[in-house]
2 protein chains.
Amino acid sequence: MTAETTGTYTPTDRTTPTRLRERVSYDREAVHAVLDEAVLCHVAFVADGLPVVLPQLHVRVGESLYLHGSTGARAMRGSRDDGLDVCVTVTLLDGLVLARSAFHHSANYRCVVAHGRAHLVTDPAEKDEALRHLVDAIVPGRSDHVRGPDRRELAATALLRLDLEEVSYKHRAGPPGDDAEDLDLPWWAGVLPVRGAVPDAPVPAPDLAPGIAVPDHVRGWRRG
Amino acid sequence: MTAETTGTYTPTDRTTPTRLRERVSYDREAVHAVLDEAVLCHVAFVADGLPVVLPQLHVRVGESLYLHGSTGARAMRGSRDDGLDVCVTVTLLDGLVLARSAFHHSANYRCVVAHGRAHLVTDPAEKDEALRHLVDAIVPGRSDHVRGPDRRELAATALLRLDLEEVSYKHRAGPPGDDAEDLDLPWWAGVLPVRGAVPDAPVPAPDLAPGIAVPDHVRGWRRG
């Protein structure tokens, strides 16, 4: 949490691409923006020598990424001792890139990949604070409109922390890159922008007590 | 491609959850619907004993899943011989579940996890057909409005195929599950539905020849 929030992450072998290097950067602000905009991430780990990847909710607090979700009892047990090697990837799809040639079809996106060893959060105070941040990451302002976790609930919540050290940011933006000899083909080319996590009208719980209006933090929710 | 499209996948140890079993099924139709609605998937593999997960475009053709995207030269080399052990996960976020208690906050989602060994597609005819399906999976009808790949482009395209055998479907839907003693708290509870991949107005390529209108397959694009 005291780490710098500007500057760049230091590239490593794993975060240095072998192709399309121009799409990669290590800029902390770009990484933070993607992590903060996305509602969920995909967390990969190795179980019995084989890969597993599962979606989880996450929140970034400074240079720590907290992960919340079921990784299975086995993975959580593994993380209890020395930690669990993970790769956390967050992808935001920004557009469909439609070229004249099938070959140059692509997607516009922003993607963060973070490698490292995640550790189970055991300190109740850290867990309590991280969970508050998590609720506010998903719905800003929400943590002031809920009953906070009691001791039993805190104990029942498994949270992993990954410190952001080996991280890369990859993105594609802009129009299709057709070959010069294809530019006169009669096909439409361009980008169809898409947005993720677009809210519809809130649906009150069937057992909501009468007289409770949809609060501003729900009504005004938006991403990106 | 001749495999059945109804019925269920056979559960295995890996696809049997240790908790929240009621959220899991093996229904082929539910799996297919998620794979077909999502624009991208997350593909995990093991490199030097450590997990890596990257986003890729995909298309399902019958009971085969074709993956298209950079997995890095190393992973692709591995897949050239005996194949590459992968876990492919597709997650569609459907809503934010806002409970009276922080503890019962959750997300509504549909998620498919497929395990298996992916193989590099080497047969040019299979690759050609799969790429056509891929273009049409991303934008239905598009493959009739592009220049198809030539031999050089086909050779330059790396495509992995994963046969769908060890697959599970997990989802959450519906209102928050607050504890009975929290129902009278003064906090709003309910679901904020969200939709992914919502299109904005198409952006023509800057070098688009004059007089080419946005075609129906672009103007009418939608998911879910």
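Here the structure is shown first, and the text comes after it.
Summary of the structure given here. Values in this document were obtained by computation on a predicted structure and should not be read as measured data. (Residues numbered from 1 in each chain as written. Chains lettered and ligands numbered in written order. Predicted model: local features only at pLDDT ≥ 70, side-chain atom pairs only at ≥ 80, totals over all residues. Heavy atoms only, no water.)

Description of the environment of Leu134 of chain A
Residue and element names in this part refer to chain A.
Here's step 1: Looking at the element boundaries, Leu134 is found in helix α3 (residues 124-138).
Here's step 2: C-alpha of Leu134 to C-alpha of Tyr66: the two residues are 68 residues apart in sequence and 7.9 Å apart in space.
Here's step 3: Setting aside its immediate chain neighbours within four residues, Leu134 contacts Leu57, His58, Val59 and His68. (Helix = DSSP H or I, 4+ residues; strand = E, 2+ residues; numbered from the N terminus. Contact = heavy atoms within 4.5 Å.)

Some words on the relation of the copies chain B and chain A
Here two copies of a chain appear, and what relates them is a rotation about an axis with a shift along it.
Here's step 1: Of the two same-sequence chains, chain B is brought onto chain A (RMSD 0.0 Å, axial shift 0.0 Å) by a rotation of 180 degrees. Expressed as an axis order, the relation between the two copies is that of a two-fold axis. Using C-alpha coordinates, one finds that chain B approaches the rotation axis most closely at Gly196 of chain B, a distance of 2.1 Å.
Here's step 2: The share of interface residues of chain B whose copies in chain A are also at the interface is 100%, consistent with both copies meeting through the same surface. (Least-squares fit on C-alpha atoms with pLDDT ≥ 70 in both.)

Digging into the environment of Leu160 of chain B
Residue and element names in this part refer to chain B.
Here's step 1: Locating Leu160 in the fold gives a position in strand β7 (residues 159-163).
Here's step 2: Owing to a relative accessible area of 0%, Leu160 belongs among the buried residues under this scheme.
Here's step 3: For the pair Leu160 and Thr122, spaced 38 residues apart in sequence, the C-alpha to C-alpha distance is 9.2 Å. (Buried < 20%, exposed > 50% of the residue type's maximum accessible area, 1.4 Å probe, protein only.)

Quick word on the packing of aromatic side chains
Here's step 1: Overall, the coordinates contain zero aromatic pairs over all chains when judged by the stated rule.
Here's step 2: The positively charged end of Arg28 of chain A is found above the aromatic ring belonging to Tyr9 of chain A, 4.3 Å away from the centroid. (Phe/Tyr/Trp six-rings, centres within 6.5 Å; stacked < 30°, edge-to-face > 60°. Lys NZ or Arg CZ within 6 Å of the ring centre and 35° of its normal.)

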